[in-house]
Amino acid sequence: MTFSVPPADSTTAAAHFLAQLSFETDVSDVHAALEAGTPGLVVVDSRGVAAWRQGHLPGAVHLPTAEIAARAADLVPAGSTVVTYCWGPGCNGATWAALEFARLGRPVKEMIGGFEYWAREGLPVATPEGIVRRRVDELTAPRAAVSCDC
């Protein structure tokens, strides 16, 4: 097979993918970290009030991106590792939120897939009615598992 741009050599590729993993995490890993009670982990929902009320990750902190600079010190303990999320892969709100935390000198990762993939994988969602789980979307995860088993 011929590519218009050839693949990088393995050393360059390894450095790239390691760097990418230092910036991003996925919903399965965040769920596992929350279930394990990982010390110092703070998950931040950067969406607006209406989205938060519609549903969010249990235990998440609601901190819209525009408010991070002013409110992060009060809501996110110093020394915490922050994971940001927004709606989903079609939204870069979590990226903007992660940038704000990085500018504040905080260690931060972006949760790829966002709230959309959290819900589509059947993970718990906090709503005004309590914790709910959607049926697992078979295009995102096997029905019998919480992760893609990568």
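All of the points below concern the structure found in this document. (Residues numbered from 1 in each chain as written. Predicted model: local features only at pLDDT ≥ 70, side-chain atom pairs only at ≥ 80, totals over all residues. Heavy atoms only, no water.)

### Re the pattern of salt bridges
Argument step 1. In this structure the tally under the stated criterion is five salt bridges.
Argument step 2. As a salt-bridge pair, Asp45 and Arg47 come within 2.7 Å of each other at their nearest N and O atoms. Per residue, the accessibility class of Asp45 equals that of Arg47, and both read buried.
Argument step 3. Residue Glu67 pairs with Arg71 through a salt bridge whose shortest N-O separation is 2.4 Å.
Argument step 4. Using a relative accessible area of 31% as the deciding quantity, one classes Glu67 as partly exposed.
Argument step 5. For Arg71, a relative accessible area of 32% gives the class partly exposed. (Salt bridge = Lys/Arg side-chain N within 4 Å of Asp/Glu carboxyl O. Buried < 20%, exposed > 50% of the residue type's maximum accessible area, 1.4 Å probe, protein only.)

### A closer look at the nonpolar core
Argument step 1. Val30, Val43, Leu57, Ala60, Tyr85, Met111 and Trp118 are the most contacted members of the largest nonpolar core, which totals 14 residues.
Argument step 2. Looking at this core, the elements with two or more residues in it are α2 (27-35), β4 (81-85) and α6 (114-120).
Argument step 3. In terms of residue count, the dominant contributor to this core is α6 (three residues).
Argument step 4. Contact partners of Val30, with chain neighbours within four places excluded, come to Thr25, Val43, Leu57, Val83, Met111 and Trp118.
Argument step 5. In this structure, Leu63, Ile68, Val82 and Ala97 belong to the second largest nonpolar core, which totals 12 residues. (Core = buried A, V, L, I, M, F, W, Y, C linked by side-chain atoms within 4.5 Å. Helix = DSSP H or I, 4+ residues; strand = E, 2+ residues; numbered from the N terminus. Contact = heavy atoms within 4.5 Å.)

### Some thoughts on the environment of Val44
Argument step 1. Following the sequence through the fold, Val44 ends up in strand β2 (residues 41-45).
Argument step 2. Judged by its relative accessible area of 0%, Val44 is buried.
Argument step 3. Those residues in contact with Val44, other than ones at most four positions away along the chain, are Val61, Leu63, Val76, Val82, Val83, Thr84, Tyr85 and Phe101.

### Comments concerning the environment of Phe101
Argument step 1. Assignment of secondary structure puts Phe101 in helix α5 (residues 93-103).
Argument step 2. The class for Phe101 is buried, based on a relative accessible area of 0%.
Argument step 3. As a C-alpha pair, Phe101 and Gly130 span 29 residues in sequence and 29 Å in three-dimensional space.
Argument step 4. If sequence neighbours within four positions are ignored, Phe101 has contacts with Val44, Leu63, Ile68, Ala72, Val76, Val82, Thr84, Arg106 and Val108.

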